[in-house]
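Letter by letter, the chains look like this.
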Amino acid sequence: MKTHKITTQEDLQKAFDIRVKVFVEEQKVPAEEEIDQFDHLGGECHHILVTDDEDQAVGTGRIRLVEGVGKIQRVAILEEYRKLGLGRVIIQALEDIASKELGASKVKLDGQVQAQGFYEKLGYHVASDIFLDAGIEHVLMIKAV
């Protein structure tokens, strides 16, 4: 598996395809909520793509700086590639961008409650009550990087 920053429209489209499959098709997030104003090249967001050994796109995520804190968003892995440690790889790559490129000392994310334990294993702690985002229960989670 390889992880790289997205620099082409083709790779960005691959990331969108993964997100649509995971969030819109599997989790029933409304399509109009999934792709937003930050989903373009050269903007505030840094997008990453994970590819398998045959160069197939299998995971993605993005990060942007919000009030000096790196905000991790849209972490998605195709179902058949889950439980292989790719979530950890994606989060680490985004944390590296936050600390090394964006100068952030903290990162945050709105984690789905069902994934809370995963994020806690990576050093995140809950910093909010449960709230709904796209009809799915989430909590704000924070970590120093």
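Refer to the structure presented above.
Here goes a summary of the coordinates provided. Small disclaimer: the values here were computed from a predicted structure and weren't measured. (Residues numbered from 1 in each chain as written. Predicted model: local features only at pLDDT ≥ 70, side-chain atom pairs only at ≥ 80, totals over all residues. Heavy atoms only, no water.)

## Topic: the overall build of the protein
Summing up its helical and strand segments, the protein has four helices and eight strands in all. Reading the helices (α) and strands (β) of the protein from amino to carboxyl end gives β-α-α-β-β-β-α-β-α-β-β-β. Against the globule reference of 15 Å for 145 residues, the protein gives a C-alpha radius of gyration of 14 Å, in line with a compact fold. Counting only C-alpha atoms and orienting by the principal axes, one finds that the protein spans roughly 40 × 35 × 30 Å. For the protein, the residues scored as buried account for 45% of the 145 residues in total. Expressed as a percentage of contacts within the protein between residues at least 6 apart in sequence, the contacts between residues at least 24 apart total 59%. Summed over its atoms, the accessible surface of the protein is roughly 7700 Å², and 49% of this surface lies on carbon and sulfur atoms. For the protein, the distance from the average position of its 18 positive side-chain charges to the average position of its 26 negative side-chain charges is 4 Å. (Helix = DSSP H or I, 4+ residues; strand = E, 2+ residues; numbered from the N terminus. Rg over C-alpha atoms; globule rule 2.2 N^0.38 Å. Buried < 20%, exposed > 50% of the residue type's maximum accessible area, 1.4 Å probe, protein only. Contact = heavy atoms within 4.5 Å. Areas by Shrake-Rupley, 256 points an atom, 1.4 Å probe, with all protein chains shown as cover. Lys, Arg positive; Asp, Glu negative; His and termini not counted. Charge placed at Lys NZ, Arg CZ, Asp CG, Glu CD.)

## Considerations on helix H1 (residues 9-26)
Here H1 contains 18 residues, and its C-alpha end-to-end distance of 24 Å stays within 8% of the 26 Å for a straight helix at 1.5 Å per residue. The largest bend in H1 is about 30 degrees, located at Val20. Taken as a whole, H1 has its buried residues at Asp11, Leu12, Ala15, Phe16, Ile18, Arg19, Val22, Phe23 and Val24. Where H1 ends, the next residue or the one after it, Lys28, has phi of about 65 degrees, a positive value. (Expected span 1.5 Å × (residues − 1). Bend = angle between axes of the 7 residues up to and from the residue.)

## A few points about the pattern of salt bridges
For the coordinates displayed, the defined rule picks out 13 salt bridges. The partner of Lys14 in a salt bridge is Glu10, and the shortest N-O contact between them spans 3.9 Å. Taken together, the residues span about one helical turn, with Lys14 and Glu10 both in helix H1 at a distance of four residues. Judged by relative accessible area, which is 26%, Lys14 ranks as partly exposed. Given the relative accessible area of 56%, Glu10 is considered exposed. A cluster of three or more residues bridged by salt bridges with shared partners is formed by Arg19, Glu34, Asp36, Asp39, Arg62 and Arg74. (Salt bridge = Lys/Arg side-chain N within 4 Å of Asp/Glu carboxyl O.)

## Details of the layout of surface pockets
A volume near 1000 Å³ is recorded for the largest pocket. Surrounding the largest pocket, 35 residues form its lining, Val75, Gln112, Gln114, Ala115 and Tyr119 being those nearest its centre. For the lining of the largest pocket, the elements supplying multiple residues, two or more each, are H1, helix H2 (31-34), strand E4 (69-77), helix H3 (86-101), strand E5 (106-112), helix H4 (116-121) and strand E8 (136-144). It is E4 that contributes the most residues to the lining of the largest pocket, seven residues altogether. (1 Å grid on protein atoms, 1.4 Å probe; cavity = no way out; pocket = protein on both sides within 12 Å on 5 of 7 lines; lining within 4 Å. Points joined across faces, edges and corners; volume = space filled by probe spheres on them.)

## Some details on H3
Taking 1.5 Å of rise per residue, the 16 residues of H3 would be expected to cover 22 Å, and the 22 Å separating its terminal C-alpha atoms lies within 8% of that figure. Phi turns positive one or two residues past the end of H3, at Gly103, with a value near 70 degrees.

## With respect to the packing of aromatic side chains
A complete count under the given rule lists two aromatic pairs for this structure. Relative to Tyr119, the ring of Phe118 lies with its centre 5.0 Å away and its plane at 65 degrees, an arrangement referred to as edge-to-face. Ring centres 6.0 Å apart and planes at 75 degrees place the aromatic pair Tyr119 and Tyr124 in the edge-to-face group. The two residues Tyr119 and Tyr124 agree in class, both being buried. Taken together through their ring pairs, the aromatic side chains of Phe118, Tyr119 and Tyr124 make up a single cluster. Over the aromatic face of Phe38 sits the side chain of Arg64, whose NZ or CZ is 3.8 Å from the ring centroid. (Phe/Tyr/Trp six-rings, centres within 6.5 Å; stacked < 30°, edge-to-face > 60°. Lys NZ or Arg CZ within 6 Å of the ring centre and 35° of its normal.)

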